[in-house]
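# Coordinate analysis (summary)
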2 protein chains.
Amino acid sequence: MHIAFDADDTLWHNEPIFDLTQGHIAELLKEWVPADELGEKLNHLERRNLRLFGYGAKGFTLSLIESALEVTRGEIPNAIIQQILDAGKAMIEHPVELLPGVVETLERLASQHPLLLITKGELFHQETKVARSGLAESFAGIEIVSEKDEATYRRILDRYAIDAERFVMVGNSVKSDILPVLQIGGNAIHIPYDSNWELDKIEHRGAEEEGFFVAESMFEVPNMLQEIAALGWQTPVAAANRGK
Amino acid sequence: MHIAFDADDTLWHNEPIFDLTQGHIAELLKEWVPADELGEKLNHLERRNLRLFGYGAKGFTLSLIESALEVTRGEIPNAIIQQILDAGKAMIEHPVELLPGVVETLERLASQHPLLLITKGELFHQETKVARSGLAESFAGIEIVSEKDEATYRRILDRYAIDAERFVMVGNSVKSDILPVLQIGGNAIHIPYDSNWELDKIEHRGAEEEGFFVAESMFEVPNMLQEIAALGWQTPVAAANRGK
């Protein structure tokens, strides 16, 4: 069995750092625009810039500067632009704060199975976060990818010669960590995180109908893996997907 | 024999796009600062920000905005900041322009040897450039890395089970493509490019003493590979490095 983990908001906190930064800048811009309007503008520009910037903190900072220019109609003082730049750098330097159960669970599982880390985002920033997390040693492989879709998972499974039926992905994003893995015949455990990035939300039919497992925290993952194994790796939905 | 190629300024033009962008912004800022002074400020900030941003166009754009704020002492009009953002996006979207001999040489070599592409920079941007180059099919593997040092090359050679003695790296940067490959006992062909990024320059003792080959363009690479093979993969310097 190969078990793969998402990183941001699965192993360590990430989204709150973005939210906090956005809140800080919203406060600086409140004489021009209410916070929710800035948020809408930012979501709009992030979505538009995604095909140029991809995911991550540098693209977020650039889109935040662009949002500030637009909502103030070109009246933003230079000092605030500098503060946005500084906030972007602070995000990148932010300490890596692990989620509950991560250390214990990875330690326990790493002695039994090859573990992979599969994370989406900026190569350089993700590498520094993995290094600072102190978790790198737990993983047999670390894959930093620009998008988590079916093709990406297929490529990774090929690279490590992993059979999809014996592959379990654990992550907080139904869109990126769960549905594409089910689609290629793999198994998935969803650990919901409190806040989700607007661009990472997706409509789905729920865990039972889609055929994935849900854990409340990393602490539950080892038992859930035993459950999946006991099912003979053949949940009805997974089997149906594999028959496609 | 495994042959690996650098991408930026080896397979396609890159540095001139950065230079052109910088020149364009220098023109907009000329009432505040002469172009060379802006260039010095930018180099300084890029170097300082490297440990946060890594390499690539997004970090460059952020450092360019920061430079503009500093050299104008906070007097830069918002319209110019928007123009820097737009210039950064234009860089990312810039068409991929192949260097002379690239298509012919890759086509010829790909039928005889497994080829790799090893490039440094932003994951998402490099992937789109590879896709737009039309060259992806020539390569047995594409490795986008955050830094090109000895550890990186060792990791890639391990991944593909390549013997360093039978590995040749082709690239324009002595610092990133040549010296680290020689250090791990591999072979290297340097194709100098007209302009080099300030942060990618390095002192070295010259091709003969360091033990690498120099080609004027991609056209010369196939014959040079035959030459290396004829030397039995044992140039005196490479042999000495391997004995370390």
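The model shown is predicted, which means the values in this text are computed figures rather than measured ones.

## Thoughts on the relation of the copies chain A and chain B
- With an RMSD of 0.0 Å, chain A superimposes on chain B once it is rotated by 180° and translated 0.0 Å along the axis. Look at the turn and shift together and you get a two-fold axis relating the two. For chain A, the residue whose C-alpha comes nearest the rotation axis is A:Leu123, separated from it by 2.9 Å.
- Taken as a fraction of all interface residues of chain A, those also at the interface in chain B reach 100%, which identifies the copy contact as same-surface.

## So, the nonpolar core
- By size, the foremost hydrophobic cluster in this structure holds 52 residues, and its most contacted members are A:Leu29, A:Ile65, B:Leu29 and B:Ile65.
- Counting residues per element, the ones that place at least two in this core are helix 1 (15-28), helix 2 (35-53), helix 3 (57-71) and helix 4 (78-93) of chain A together with helix 1 (15-28), helix 2 (35-53), helix 3 (57-71) and helix 4 (78-93) of chain B.
- What B:Ile65 contacts, discounting residues up to four positions off in sequence, is A:Leu62, A:Ile65, A:Ile81, A:Leu85, B:Ile81, B:Ile84 and B:Leu85.

## A short note on the interface of chain A and chain B
- Counting from both sides, the interface comprises 37 residues of chain A and, opposite them, 37 residues of chain B.
- Linking chain A to chain B there are eight salt bridges.
- The partner of A:Lys89 in a salt bridge is B:Glu66, with the nearest N and O atoms 2.9 Å apart.
- For the pair chain A and chain B, the number of links is 18 residue pairs in polar contact (both at pLDDT 80 or more).
- Here the side of chain A that touches chain B is composed, by residue class, of 16 nonpolar, ten polar and eleven charged.

## Things to note about the sheet that holds strand 4 (residues 167-171) of chain A
Residue and element names in this part refer to chain A.
- Strand order in this open sheet of six strands is 3-2-1-4-5-6, and the pairing throughout is parallel. Strand pairing shows two members of the sheet lacking a second neighbour, strand 3 (141-145) and strand 6 (213-214), which therefore form its edges.
- Two elements, strand 5 (residues 187-190) and strand 6, share two bridges in a ladder whose sense is parallel. Note that in strand 6 the partner of Ile 189 across the bridge is Phe 213.

So, how was this worked out
- Residues numbered from 1 in each chain as written.
- Chains lettered and ligands numbered in written order.
- Predicted model: local features only at pLDDT ≥ 70, side-chain atom pairs only at ≥ 80, totals over all residues.
- Heavy atoms only, no water.
- Least-squares fit on C-alpha atoms with pLDDT ≥ 70 in both.
- Contact = heavy atoms within 4.5 Å.
- Core = buried A, V, L, I, M, F, W, Y, C linked by side-chain atoms within 4.5 Å.
- Buried < 20%, exposed > 50% of the residue type's maximum accessible area, 1.4 Å probe, protein only.
- Helix = DSSP H or I, 4+ residues; strand = E, 2+ residues; numbered from the N terminus.
- Salt bridge = Lys/Arg side-chain N within 4 Å of Asp/Glu carboxyl O.
- Polar contact = N/O pair within 3.5 Å; in protein donor to acceptor, adjacent residues only side chain to side chain.
- Nonpolar A, V, L, I, M, F, W, Y, C, P; charged D, E, K, R; others polar.
- Pairing = 2+ DSSP bridges.

Function cannot be inferred from these measures alone, as they are strictly geometric.
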